[in-house]
Amino acid sequence: MIWSNFILVLVSSFFLWLSALICHKNEFLKRLFILLGTVSIGIFIAFLWVKLERPPLRTLGETRLWYAFFLPAIGMITYLRWRYNWMLLYSLSLSLLFLLINYLHPENFSKTLMPALQSPWFVPHVVVYISAYAFLAASSLVAVRGLYQHYTKTLDRKVLLMADNLVYLGFAFLSLGLLFGALWAKEAWGHYWTWDPKETWALITWLGYLIYIHLRYHMPTKFRSSLWILALAFVILLVCWFGVNYLPSAQFSVHTYSQAP
Amino acid sequence: MSIKKPIWQQPWGYAESFIISFGVLCIGSGLELVLPVNQSTLIYPFNLILGLSFFILLVLAHVLFRKTKIHAFLSGIPLTISLVSALSFMVILMGILPQIPSQQNGLIQQLGLNRMTSSYPFLLINLFLLIVLGFVSLRKTVPFKLKNWGFVCSHWGLWIVIFAGGLGSGDLRRLRMDVYENKTEWRAYDDQDRYCEMPLAIKLKDFLIDEFHPKLAIVENKTGDLYEAQKPSMIMIEKDLICRLQGWKVKVEEFYMTSGRAGDRYYQLSDFGAAPAAKVRVVSPQADTLQGWISCGSFNRPHESLKLNEQFSLVMTVPEPKRFSSEVTFFTPDGKKQDATLEVNKSVTVNGWKIYQLSYDEKKGRYSDKSILEVVRDPWQPYVYIGIFMMMIGAVYMFWKGRESVSE
């Protein structure tokens, strides 16, 4: 069972990233270790894909795995662009947290994939969403950082610009995920939007970031409320991702990744 | 910024916008309480006439009042944000409260909160948003500047999606058809089981289903619940599988996808209703060995489990479908015939109707002779697609350009 080898990934990523932290003075080694840690998650995903004989995107644990893979990648990209070490640190820790959650909540190794999900839309729809979630998580980390800096009166304007850029990227992916989903649903079921609880919460998430973008555009100097919105929007995103399964409205959702036989 | 201006003094800002949005919500809720439940939807040609007049009025208002303060307010960001917030508030309610008809008549039902999308507050806020979005898009489109193309695409795209999707919902026909093997069906029924005749007939020649192997699982004898002390709690059965399930070592000695019991064992056979079965050897944590047959049964055969001890039993789960499809022939009134295979995620269009494979008789599983199809007619689909593609272009633009640095 391939999930029982998962501890290997957790341990190797942890130690590779720890090595990156230890030799953070050496730019080359730091980048190399971060890259290797990320690649090891990628290799596990590839193995899982082959062994499961289906894209590993169906269960919550599988989506967490992709997330843990995208986060360090995005952390690295933002690091290359903005040169903030803390950004790397945040995204790597968050990624490790998600790997740890996966380790503590093992799942069944299940090859079954319901016919509804057997579509060329399946992979782009989920992958685009997961990368949106990763960008938006990064932007919320930046927002929390910005709020901290604001209240300690050390706010760096570059932080706001970085938050904006991450939101723009994340929002673009989020919109594409939503639109891919609508097209897929139309082609597969005959309707774009059925107000399934997951769809409803995805729309709330989308609207939350829409408000942030417009507020920032209109009032670039009033950053405090924008930063609060950005930090809170991530809470909604998490409700959409994990919380929906526990809501009273979710009994008949096609998006609950049920484990029942 | 400047000193605080008194409320309701021009130019209006956030305070006025939020008060107006709140007012719209209140008016909507009031209408909901007073007026009868809004069930009618507009159908062709009334939706087209209404839509066209709305658009013409919008353009006319834009041309006439383009330079006024009220236009600036109506196409401004504060009003946009307040309306989007009001919409978010309603959608959050919708995400929490189940959207199902209810026999009770409490406040939730009276305010229409359990059928939000057809409630007056929801319709009014959306209409208002459509006006604001229309004004903004018009302002950025005329006069057209090339650098605004991303903005124009995303905003008009969204406008078209809401406009065409909303107006077209009355013309959308979504029906179901139950077709049986070797029979021809031309009637479809809606979600209230009202039947109507279709302009096409469907003959089901064959219904095919391909299943995954069933899984091994351990259940509690008393409750029948799945025992999940450790993961994996379910393992797919393969020939000669040896695995460990919650401390028990299980070996699959024989396995048949279709079989029947005769005497003290199961034999492979392909009768109607033949079910999967496996002969297993189980070694308990105390090193006791058990042997026996398990089967998940079928609609006409009993299931069989293996009792491990007083508390637990080993069972076989019902196999999940891997793929199902219908071989059909379509007949249209003009005398044409067309053969096709319908499969989930692979629809076929005939005579303006899109036909989808939806389900089958799940009790009978692989022996189902019934195929449930969904038939959909949506004449507004191309227009919604135009909007969706424009929004996609807008998203790609956003991804490409990112946030342009604003001089603060």
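Cut-offs applied
Residues numbered from 1 in each chain as written. Chains lettered and ligands numbered in written order. Predicted model: local features only at pLDDT ≥ 70, side-chain atom pairs only at ≥ 80, totals over all residues. Heavy atoms only, no water. UniProt positions renumbered as here; feature names shortened; annotations may be inferred. Helix = DSSP H or I, 4+ residues; strand = E, 2+ residues; numbered from the N terminus. Buried < 20%, exposed > 50% of the residue type's maximum accessible area, 1.4 Å probe, protein only. Contact = heavy atoms within 4.5 Å. Areas by Shrake-Rupley, 256 points an atom, 1.4 Å probe, with all protein chains shown as cover. Lys, Arg positive; Asp, Glu negative; His and termini not counted. Charge placed at Lys NZ, Arg CZ, Asp CG, Glu CD. Salt bridge = Lys/Arg side-chain N within 4 Å of Asp/Glu carboxyl O. Core = buried A, V, L, I, M, F, W, Y, C linked by side-chain atoms within 4.5 Å. Axes fitted to C-alpha atoms, helices over the stretch in contact; angles between N-to-C directions. Parallel < 35°, antiparallel > 145°, perpendicular 65-115°, else oblique. Left-handed = near helix turned anticlockwise from the far one by under 90°. Polar contact = N/O pair within 3.5 Å; in protein donor to acceptor, adjacent residues only side chain to side chain. Pairing = 2+ DSSP bridges.

- As annotated in an unreviewed UniProt entry, chain B carries the name ResB-like domain-containing protein and comes from Ancylomarina salipaludis.

- Under an unreviewed UniProt entry, the name given to chain A is Cytochrome C assembly protein, and the organism recorded is Ancylomarina salipaludis.
- As stated in UniProt under Subcellular location (unreviewed entry), the record for chain A gives "Membrane".

**Quick word on the overall build of chain A**
And step 1. Broken down by element type, chain A carries 8 helices and 0 strands.
And step 2. Ordered by position in the sequence, the α and β elements of chain A form the string α-α-α-α-α-α-α-α.
And step 3. Along the longest, intermediate and shortest principal axes, the C-alpha atoms of chain A span 55 × 45 × 30 Å.
And step 4. Sorting the 261 residues of chain A into buried and exposed places 59% on the buried side.
And step 5. Contacts in chain A between residues at least 24 apart in sequence constitute 79% of all its contacts with a sequence separation of at least 6.
And step 6. Accessible surface for chain A amounts to roughly 10,800 Å². Of this, 73% is attributable to carbon and sulfur atoms.
And step 7. Charged side chains in chain A number 19 positive and 9 negative. The centres of these two groups are separated by 12 Å.

**What about the pattern of salt bridges?**
All names here are of chain B.
And step 1. Taken as a whole and assessed by the stated rule, the structure comprises 25 salt bridges over all chains.
And step 2. When the shortest N-O distance is used, the salt bridge between Arg265 and Glu254 registers 2.7 Å. Residue Arg265 is located in strand S8 (residues 265-268), and its partner Glu254 is located in strand S7 (residues 248-262); the two are separated by 11 residues in the primary sequence.
And step 3. The partly exposed category is assigned to Arg265, whose relative accessible area is 21%.

**Here we look at the UniProt feature "transmembrane region" (unreviewed entry) in chain A**
And step 1. Here, UniProt's "transmembrane region" (unreviewed entry) annotation points to residues 6-23, 32-52, 64-80, 87-106, 126-144, 165-185, 200-215 and 227-247 of chain A.
And step 2. For residues 32-52 of chain A, the end-to-end C-alpha separation is 30 Å, with 100% helix and 0% strand making up the annotated structure.

**With respect to the nonpolar core**
And step 1. Counting 142 residues, the largest nonpolar core has Leu65, Tyr67, Trp206 and Tyr209 of chain A as its most contacted members.
And step 2. Of all the elements, helix H6 (residues 157-189) of chain A adds the most residues to this core, at 19 residues.
And step 3. When near neighbours in sequence (up to four residues on either side) are disregarded, Trp206 of chain A contacts Phe171, Leu174, Ser175 and Leu178 of chain A together with Leu158 and Met391 of chain B.
And step 4. Core analysis: the next-biggest nonpolar cluster, separate from the first, contains 23 residues, Leu200, Val328, Phe330 and Leu342 of chain B among them.

**Focus: the packing of helix H5 (residues 122-151) of chain A against H6 of chain A**
All names here are of chain A.
And step 1. Put simply, H5 and H6 touch, their axes get as near as 8 Å, and they point 155° apart. Taken together, the axes of H5 and H6 are roughly antiparallel relative to one another. The hand of the H5/H6 crossing is left-handed.

**Observations concerning the interface of chain A and chain B**
And step 1. Between chain A and chain B, the residue contacts involve 59 residues of the former and 61 residues of the latter.
And step 2. Summed over the shared surface of chain A and chain B, the result is 3 salt bridges.
And step 3. Between the two partners, chain A and chain B, sit 18 residue pairs in polar contact (both at pLDDT 80 or more).
And step 4. Of all elements in the fold, only H6 and helix H7 (197-218) of chain A reach the threshold of two or more residues within the side of chain A that touches chain B.
And step 5. Per-element accounting of the side of chain A that touches chain B gives the leading share, 20 residues, to H6 of chain A.

**Some points on the UniProt feature "domain: Cytochrome c assembly protein" (unreviewed entry) in chain A**
And step 1. In the numbering adopted here, UniProt assigns the feature "domain: Cytochrome c assembly protein" (unreviewed entry) to residues 85-247 of chain A.
And step 2. Summarising residues 85-247 of chain A: 76% helix, 0% strand, and an end-to-end C-alpha distance of 38 Å.

**Section: unusual backbone geometry**
And step 1. In this structure, Pro11 of chain B follows Gln10 of chain B across a cis peptide bond, with omega equal to -10°.
And step 2. Along the chain, Pro11 of chain B falls in the segment before helix H1 (14-34).
And step 3. Even without glycine at this site, Arg83 of chain A takes up a positive phi of about 65°.
And step 4. Of note, Asp240 of chain B is a non-glycine position whose phi angle comes to about 60°, a positive value.
And step 5. Secondary-structure assignment places Asp240 of chain B in the loop between strand S5 (234-236) and strand S6 (242-245).
And step 6. On the basis of relative accessible area, Asp240 of chain B is assigned to the exposed category, the value being 56%.

**So, the UniProt feature "transmembrane region" (unreviewed entry) in chain B**
And step 1. Residues annotated by UniProt as "transmembrane region" (unreviewed entry) correspond here to residues 12-31, 43-65, 77-100, 120-138, 150-168 and 380-400 of chain B.
And step 2. Secondary structure content for residues 380-400 of chain B is 95% helix and 0% strand, while the C-alpha to C-alpha distance between its ends is 31 Å.

**Notes on the pairing of strand S14 (residues 337-343) of chain B**
Residue and element names in this part refer to chain B.
And step 1. In this structure, strand S13 (residues 321-331) lies alongside S14, joined through 7 bridges in antiparallel fashion. Its bridge partner being in S14, Phe330 is matched across the sheet by Gln338.
And step 2. The loop that links S13 with its antiparallel partner S14 comprises 5 residues; one of these, Gly335, has a positive phi angle of about 85°.

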